[in-house]
Amino acid sequence: MVLQEDGSFAASAANGGMRAGGPDGDGLWIGDTRYLSEYRLLVNGQEPVATAVRVESGSVHIEAVAAALDVRRERYLDSGLHERITITNPGSSAVDAGIELTLGTDFIDMMALRGFAPELASPPAATATPTARGVVLNEPGGGRAAEVVIQPPGTRHHLELQPGGSFSLLVDAHPQSSRGAPEFDAGLARIRDAYKSWADDCATFETDNPAVNELLRQSRDDVRMLTQSHPTGMYPTGGIPWYAVPFGRDALFTSLFTLAMNPEIARGSLRFLAAHQGRRQDPSNEEEPGKILHEVRTGEAVDRGFWPHIFFGNVDAAALFVCVLAEMLDWTG
């Protein structure tokens, strides 16, 4: 299960849990750096089992069961991960339960996790320091830190739920700062409003088949989830989790295919790629004058010289750039 919002993305299992050793890039990522790699909810020592998952308007809603309890998780991203966990007793008798949040991170670089910077592939685990607000995860030796704000505070809680009773936890995970945690419902409403504005700006396609209409709606929202904002406009990333950064040909193909829905994707992509066009001969990143980039990366692998910030290694992006520019002019004048 994945979510992305303008430079941050999260990948997890269907029940919402994240495991550092998973094969699918589990965690909360800010750019190419993982700020949360271990994030699991345990009820009496066991993770809940997902029964239904719904992704809509930039948020995810998970229904799960844990022994005799129902678990609902609502999650969205906005410069970090924000989640409300509600545990309810649907039965006719009282239930005692212990709940726990397990938290951790490694601040690993995306290119290191993918095997392209083996020198960075085994970073030490962060140290966890409890605070009055929750937990701070510090990179050994100083440097980066992630803060997880929990309301009510604490990673462990003992519940005594009467029939129909419920208990809620609010969790906010982000790079450490002095800011307070956002009000959950207000933040969720902002994300939903952004998706509504996006839908209003797009052409509407409707058929007499409800399943096809749902596919079109979900596809439109999925394209919005893939985009990031830049001074040059909106730009669709390559994909989540491994390619959640600007790619050249991926954005150009996406621009071409979505011209009928919203030409702003093509405008933003073309402007971004033109602004980062090759200027010189540089064999280290395959840059050449006029060449259109392949991908843009940030993070420790770039900072330490193991991977270029902008890599130009492709043979087709420049030709695609001209094709998309011509098509956009045909569609929009």
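Because the structure is a prediction, the values reported are computed rather than measured.

**So, the overall build of the protein chain**
Alright, step 1. Counting its secondary structure elements, the protein chain contains 7 helices and 19 strands.
Alright, step 2. Over its C-alpha trace the protein chain gives a radius of gyration of 22 Å, about what one expects of a compact globule, namely 20 Å for 333 residues.
Alright, step 3. In terms of its C-alpha atoms, the protein chain occupies a principal-axis envelope of roughly 70 × 60 × 35 Å.
Alright, step 4. Taking all 333 residues of the protein chain together, 46% fall into the buried category.
Alright, step 5. In the protein chain, the proportion of contacts linking residues at least 24 apart, taken out of those at least 6 apart, comes to 58%.
Alright, step 6. Of the roughly 15,000 Å² that the protein chain leaves accessible, carbon and sulfur atoms contribute 54%.
Alright, step 7. If you average the places of the 27 positive and of the 44 negative side-chain charges in the protein chain, the two averages end up 2 Å apart.

**A look at the sheet that holds strand S12 (residues 134-138)**
Alright, step 1. Spatially, S6-S7-S8-S9-S15-S13-S12-S11 is the arrangement adopted by the 8 strands of the open sheet, whose pairing is antiparallel. Of all the strands in the sheet, the pair left with one neighbour each is strand S6 (49-56) and strand S11 (127-130). Going across the sheet, the axis of each strand differs from the next one's by a mean of 15°, ignoring polarity.
Alright, step 2. As paired elements, S12 and strand S13 (residues 145-151) share 5 bridges and run antiparallel to each other. From the neighbouring strand, asparagine 138 faces S13, where its bridge partner is alanine 145.
Alright, step 3. Where helix H2 (residues 184-201) meets the sheet, it contacts strand S7 (59-66), strand S8 (69-77), strand S9 (81-88) and strand S15 (166-175), and its direction lies at approximately 55° from that of S8.

**What to know about the packing of aromatic side chains**
Alright, step 1. Inspection of every chain in the model, using the stated rule, returns 8 aromatic pairs.
Alright, step 2. Between tryptophan 307 and phenylalanine 311 the ring centres are 6.0 Å apart and the planes differ by 50°, which places this aromatic pair in the tilted class.
Alright, step 3. For the cation-ring pair, arginine 73 lies above tyrosine 39, with the distance from its terminal atom to the ring centre recorded as 5.5 Å.
Alright, step 4. Above the ring of tyrosine 195, the side-chain terminus of arginine 224 is found at 4.6 Å from the ring centroid.

**Focus on the pairing of strand S2 (residues 8-11)**
Alright, step 1. Residues Ser8 and Ala10 line one face of S2 and the alternating positions Phe9 and Ala11 line the opposite face, and both faces are buried.
Alright, step 2. Inspection of the sheet shows strand S1 (residues 2-5) paired to S2 by 4 bridges, in the antiparallel sense. Directly across from valine 2, in S2, lies its bridge partner alanine 11.
Alright, step 3. In this structure, the hairpin formed by S1 and S2 is closed by a connection of 2 residues, where aspartate 6 is found at a positive phi of approximately 50°.
Alright, step 4. Across 4 bridges, the pairing between S2 and strand S3 (residues 27-30) is antiparallel. Each bridged residue has a counterpart across the sheet, and for phenylalanine 9 the counterpart in S3 is tryptophan 29.

**Considerations on the nonpolar core**
Alright, step 1. By size, the foremost hydrophobic cluster in this structure holds 43 residues, and its most contacted members are Leu36, Tyr39, Leu81, Ile85, Ile87 and Leu101.
Alright, step 2. In terms of residue count, strand S10 (residues 95-104) provides more of this core than any other element does, 5 residues in total.
Alright, step 3. Non-local contacts of isoleucine 87, meaning those with residues more than four positions away in its chain, are made with Leu69, Asp70, Val71, Ile99, Leu159, Leu161, Gly165, Ser166 and Phe167.
Alright, step 4. Core analysis: the second largest hydrophobic core is formed by 18 residues, Tyr235, Ala266, Ile292 and Val296 among them.

**Describing unusual backbone geometry**
Trans is the prevailing form of peptide bonds, just as negative phi is the prevailing case for residues other than glycine.
Alright, step 1. The step from glutamine 151 to proline 152 runs through a cis peptide bond, and the omega angle for that step is -5°.
Alright, step 2. Tracing the backbone through its elements, the reader meets proline 152 in the loop between S13 and strand S14 (156-161).
Alright, step 3. In the segment running from isoleucine 240 into proline 241, the intervening peptide bond is cis, with an omega of 10°.
Alright, step 4. Inspection of the secondary structure puts proline 241 in the loop between strand S17 (233-236) and helix H4 (248-257).
Alright, step 5. Of note in the backbone geometry, aspartate 6 takes a positive phi value of approximately 50° without being a glycine.
Alright, step 6. Among the secondary structure elements, aspartate 6 is positioned in the loop between S1 and S2.
Alright, step 7. In the Ramachandran plot, phenylalanine 107 falls in the positive-phi region, its phi being about 55° despite a non-glycine side chain.
Alright, step 8. Assignment of secondary structure puts phenylalanine 107 in the loop between S10 and helix H1 (110-113).

**Looking at the side chain of threonine 33**
Alright, step 1. On the secondary structure map, threonine 33 appears in strand S4 (residues 33-36).
Alright, step 2. Not counting residues up to four positions away in its chain, the partners in contact with threonine 33 are Leu28, Phe107, Ile108, Arg144 and Gly299.

Conventions we followed
Residues numbered from 1 in each chain as written. Predicted model: local features only at pLDDT ≥ 70, side-chain atom pairs only at ≥ 80, totals over all residues. Heavy atoms only, no water. Helix = DSSP H or I, 4+ residues; strand = E, 2+ residues; numbered from the N terminus. Rg over C-alpha atoms; globule rule 2.2 N^0.38 Å. Buried < 20%, exposed > 50% of the residue type's maximum accessible area, 1.4 Å probe, protein only. Contact = heavy atoms within 4.5 Å. Areas by Shrake-Rupley, 256 points an atom, 1.4 Å probe, with all protein chains shown as cover. Lys, Arg positive; Asp, Glu negative; His and termini not counted. Charge placed at Lys NZ, Arg CZ, Asp CG, Glu CD. Pairing = 2+ DSSP bridges. Axes fitted to C-alpha atoms, helices over the stretch in contact; angles between N-to-C directions. Phe/Tyr/Trp six-rings, centres within 6.5 Å; stacked < 30°, edge-to-face > 60°. Lys NZ or Arg CZ within 6 Å of the ring centre and 35° of its normal. Core = buried A, V, L, I, M, F, W, Y, C linked by side-chain atoms within 4.5 Å.

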